[in-house]
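A closer look at the structure
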Amino acid sequence: MFSFKQFTIQQDRTAMKVCTDACVLGAYADVNGDETTDRVTHLLDIGTGTGLLALMAAQRNPMANIDAVEIDDAAYSQATQNVGTSPFADRIQVMQGRIQDYRPAIRYDRILTNPPFYTNHLRSTDAAVNRALHTGDLPFPELVETVVRLMKPTGQWWVLLPPYETDLLAEIARKAGLYAFKRLSLRHNAQKPAFRVVSGYSYTERRPEEEMLIIYERADVADQAKSQSKETYSSDFRALLRDFYLIF
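Residues numbered from 1 in each chain as written. Predicted model: local features only at pLDDT ≥ 70, side-chain atom pairs only at ≥ 80, totals over all residues. Heavy atoms only, no water.

**Side note on helix α5 (residues 140-150)**
Every α-helix carries 3.6 residues per turn, so stepping three or four residues along brings you back to the same face. Of all the positions in α5, only Phe 140, Leu 143, Val 144, Thr 146, Val 147 and Leu 150 are classed as buried. For α5, the angular spread of the buried residues around the axis is 160 degrees, confining them to a single face. (Buried < 20%, exposed > 50% of the residue type's maximum accessible area, 1.4 Å probe, protein only. Helix = DSSP H or I, 4+ residues; strand = E, 2+ residues; numbered from the N terminus. Arc of directions from axis to C-beta.)

**Examining the sheet that holds strand β7 (residues 92-96)**
Through backbone hydrogen bonds, the strands of a sheet pair up, either in parallel or in antiparallel fashion. Spatially, β7-β6-β5-β8-β9-β11-β10-β12 is the arrangement adopted by the eight strands of the open sheet, whose pairing is mixed. Because the sheet does not close on itself, it has two edges, and the strands there are β7 and β12 (209-214). Adjacent strand axes in the sheet meet at a mean angle of 15 degrees when their direction is disregarded. Pairing between strand β8 (residues 108-113) and strand β9 (residues 151-161): five bridges, direction parallel. Bridge pairing in β9 places Arg 110 opposite Gln 156. (Pairing = 2+ DSSP bridges. Axes fitted to C-alpha atoms, helices over the stretch in contact; angles between N-to-C directions.)

**Here's the deal with the packing of α5 against helix α6 (residues 163-175)**
One way to put it is that α5 packs onto α6 with a least axis distance of 10 Å and a crossing angle of 50 degrees. The orientation of α5 relative to α6 falls into the category oblique. The two elements α5 and α6 meet at a crossing, and its hand is right-handed. Contacts from Phe 140, Pro 141 and Val 144 in α5 reach Glu 165, Leu 169, Ile 172 and Ala 173 in α6. Residue composition of the contact of α5 with α6, by class: six nonpolar, no polar and one charged. (Parallel < 35°, antiparallel > 145°, perpendicular 65-115°, else oblique. Left-handed = near helix turned anticlockwise from the far one by under 90°. Contact = heavy atoms within 4.5 Å. Nonpolar A, V, L, I, M, F, W, Y, C, P; charged D, E, K, R; others polar.)

**Topic: the nonpolar core**
Grouped together as the largest cluster of nonpolar side chains are 43 residues, with contacts concentrated most on Phe 4, Phe 7, Leu 52, Ile 92, Val 198 and Leu 241. Here this core takes seven residues from helix α2 (residues 52-60), the largest share from any one element. Among residues more than four places away in sequence, those in contact with Val 198 are Val 24, Leu 25, Tyr 28, Trp 158, Val 159, Leu 160, Lys 182, Arg 183, Leu 184 and Leu 186. Grouped together as the second largest cluster of nonpolar side chains are 25 residues, Leu 143, Val 144, Val 159 and Tyr 201 included. (Core = buried A, V, L, I, M, F, W, Y, C linked by side-chain atoms within 4.5 Å.)

**With respect to the pattern of salt bridges**
All chains considered together, the criterion is met by eight salt bridges. Measuring nitrogen to oxygen at the nearest pair gives 3.1 Å for the salt bridge that ties Arg 196 to Asp 21. Of this pair, Arg 196 sits in strand β11 (residues 194-202) while Asp 21 sits in helix α1 (residues 20-28), and the two are 175 residues apart along the sequence. For the pair Arg 196 and Asp 21, one class covers both residues: buried. Where Arg 174 meets Glu 171, a salt bridge forms, and the shortest distance between an N and an O atom there is 2.7 Å. Of this pair, Arg 174 and Glu 171 are both found in helix α6, three residues apart, which corresponds to roughly one turn of the helix. By relative accessible area, which is 40% here, Arg 174 ends up partly exposed. By sharing partners, the salt bridges in this structure join Asp 30, Asp 38 and Arg 110 into a single network. (Salt bridge = Lys/Arg side-chain N within 4 Å of Asp/Glu carboxyl O.)

**Notes on the side chain of Asn 82**
Tracing the backbone shows Asn 82 in helix α3 (residues 73-84). Residues contacting Asn 82, with those up to four places away along its chain left out, are Thr 8, Ile 9, Gln 10, Thr 50 and Leu 55.

**Side note on the environment of Pro 115**
Structurally, Pro 115 is set in the loop between β8 and α4 (127-133). Classification of Pro 115 by relative accessible area gives buried; the value is 5%. Setting aside chain neighbours within four positions, we find Pro 115 in contact with Leu 143, Val 159, Leu 160 and Leu 161.

And the structure:
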């Protein structure tokens, strides 16, 4: 179980648990838009898993109706449970099935995706883990085709991937007319390279705005006669997640 300030995630039956980078995606992605020219009222979470991104979006945007689609039986059941016990149950609809087969009557202002990204890695003996981690059920070309089909011309798509897969997806998206306008690179600390990238896509071609988020920083702590160093959450990370994490 993972408790946030306004909702709780039960995750005992899902292959993918709550992780820091997914929380960053949920807190960073633009889910509100501009109230006059780009008001966000319909949002789609592709591969909702535990329902985390849908719930974070509902907390951040009280006007949005959110559809969350999940293919895995256990994850769908758990997401339904998590949404049902949240304050946002009346605005989130959890549905089971392949997103490639999803045919809603509307198109979306925002689409959020934390997709599987492993391609050539060794597979697990657990089918649920394979489905959550490997691209076999949702290859990048099919993901891009789905976004193009479901997103409004003025919409935005926000996606979380490792750096290498981010570049692969960007090339596929570009050929489909989707262009990255913002990229947030996540680093564990200042000494380590980026391990995840949050990208925002739209139909407008432009040079992406590049940002960096360092999750941990060094804090010197005096311990009687000796000094030891430990890591603590950075001020930027605290500012981004303060509406969600109980410890902030």
